[in-house]
Amino acid sequence: MHALVITEKNKPIVVQERAALQAGKGTAIVKIYAAALNHRDVWIQKGLYAGLKYPIIPGSDGAGVVVSGPEEWVGREVIINPAIGWGSHSTHQDQQTFQILGLPDDGTFAEYVKVRLENLVEKPAHLSFEQAAALPLAGVTAYRAVLTRAQLQPGEKVLITGIGGGVALFALQYAVALGARVYVSSGSEEKIDKAIALGAKGGVNYKAANWGQSLQELAGSFDVIIDGAAGDGMDELLNLATPGGRVVFYGATRGNPSNLTARRIFWKQLNILGSTMGSPEDFRSMIAYIHEHTIRPVVDRVFPFEEGEAAFRWMDDARQFGKIVVKIK
């Protein structure tokens, strides 16, 4: 089979021939029709991720058709849940067994991938393979952050930062479907306008001076804040939260904050919630939510298989609004 392979740190991804895969007990072989990028894949290419090994076939997100495995699965159109070995607690992943497809195990940027049966779910009929491939990692991360951890309610006011990225866009779509009042931030006015077209009430550019004050003037304070950046903007997010509010952090792309006003947390009785990926229950609930609300993931661009390196560079340049997909079939 052909696969897109990262051969070593800071090298372009290349097409290589790999040995055919064989299904074993409790596993299936999925013919991949489409796979989607996450920042994780670019970080692996740059050598900026834990547990690195090369060569590796990256890719956590994928959708396709089961071609080998238990008879009742063969022929099914499926989406792959990339969270492996979550463990027995819905509250958190097992720190010893949890891993994400695409490292250390070869991932979805290949014609075929070997997957555990418990990590397969049937593809919602209203989604194309490209849309379905865009869903798994970012979709379940957003679902857990918005609905499991924050427990967002209809009519509540929510701020979603960094709109344009996959997780943030799914969070926007879930919150709008729920009937929440959604506001966003971005470093791009164009992305804010696109978010408003998807149902956001408004947004501000976080590159502007006094962006927090601008948000307060626009919307007041927020019942729920969903953020994947942290960094020095974290203190302003605590300031924007309403007393008793919930602030969910699913990432820290801007690193640790250099300054944090702790009294904002205890005096306002804020709930600071961490969230990573999602449990098997989260994934199944997300698929049901996608079905119920006929949600279609936002796909920014689809690259042909042979242009895998171009897809990586497109993500690295932060050009996208939505998910970047590679068409395999």
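For the structure itself, look to the data block above.
Residues numbered from 1 in each chain as written. Predicted model: local features only at pLDDT ≥ 70, side-chain atom pairs only at ≥ 80, totals over all residues. Heavy atoms only, no water.

**Here's the deal with the nonpolar core**
Grouped together as the largest cluster of nonpolar side chains are 52 residues, with contacts concentrated most on L135, V158, I160, Y174, I226 and M286. In terms of nonpolar packing, the next biggest core, distinct from the first, is built from 37 residues, V5, V78, V326 and I328 among them. (Core = buried A, V, L, I, M, F, W, Y, C linked by side-chain atoms within 4.5 Å. Buried < 20%, exposed > 50% of the residue type's maximum accessible area, 1.4 Å probe, protein only.)

**Focus: the packing of aromatic side chains**
Enumeration according to the criterion identifies nine aromatic pairs in this entry. With a centroid separation of 5.9 Å and an interplanar angle of 70 degrees, the aromatic rings of Y143 and Y289 are classed as edge-to-face. Here the residue Y143 occupies a position in helix α3 (residues 136–149), and Y289 occupies one in helix α9 (residues 280–293), the gap between them amounting to 146 residues. Just as Y143 is buried, Y289 falls in that class too. By way of ring pairs, the aromatic residues Y143, F170, Y174 and Y289 are connected into one cluster. Above the plane of the ring of W73 lies R76, whose end atom (NZ or CZ) is 4.3 Å from the centre. Here K123 stacks its cationic end above the ring of F129, 5.0 Å away from the centre of that ring. (Phe/Tyr/Trp six-rings, centres within 6.5 Å; stacked < 30°, edge-to-face > 60°. Helix = DSSP H or I, 4+ residues; strand = E, 2+ residues; numbered from the N terminus. Lys NZ or Arg CZ within 6 Å of the ring centre and 35° of its normal.)

**A word on the pattern of salt bridges**
The final tally for this structure, using the stated rule, is 13 salt bridges. A salt bridge links D61 to K323; its shortest N-O distance comes to 3.4 Å. Of the two residues, D61 is situated in strand β4 (residues 61–68) and K323 in strand β17 (residues 323–327); the sequence distance between them amounts to 262 residues. A relative accessible area of 0% means that D61 is categorised as buried. (Salt bridge = Lys/Arg side-chain N within 4 Å of Asp/Glu carboxyl O.)

**What to know about the sheet that holds strand β15 (residues 271–274)**
Read across the open sheet, the six strands follow the order β12-β11-β10-β13-β14-β15; overall the sheet is parallel. The open sheet has two free edges, formed respectively by β12 (202–205) and β15, since each of these has just one partner strand. Between one strand axis and the next, the sheet turns through 15 degrees on average, direction left out of account. Alignment of strand β13 (residues 222–227) against strand β14 (residues 241–249), held across five bridges, turns out to be parallel. Bridge pairing links D227 to F249 in β14. Lying on the sheet, helix α5 (residues 189–197) is in contact with β11 (181–186) and β12; it crosses β12 at an angle near 170 degrees. Across the face of the sheet, helix α6 (residues 211–219) comes into contact with β10 (157–160), β11, β12 and β13 while running at roughly 165 degrees to β12. (Pairing = 2+ DSSP bridges. Axes fitted to C-alpha atoms, helices over the stretch in contact; angles between N-to-C directions. Contact = heavy atoms within 4.5 Å.)

**Focus on unusual backbone geometry**
Residue P55 is bonded to the preceding Y54 through a cis peptide linkage, with omega at -5 degrees. Secondary-structure assignment places P55 in the loop between α1 (39–46) and β4. Cis geometry marks the peptide bond from L103 to P104; its omega dihedral reads 10 degrees. Within the fold, P104 resides in the loop between β7 (99–100) and β8 (112–116). Phi angles above zero are rare outside glycine, and A230 is one such case at about 55 degrees. Secondary-structure assignment places A230 in the loop between β13 and α7 (234–240). In this structure, M277 takes a positive phi of about 50 degrees despite not being glycine.

All we've got here are geometric facts, nothing functional implied.
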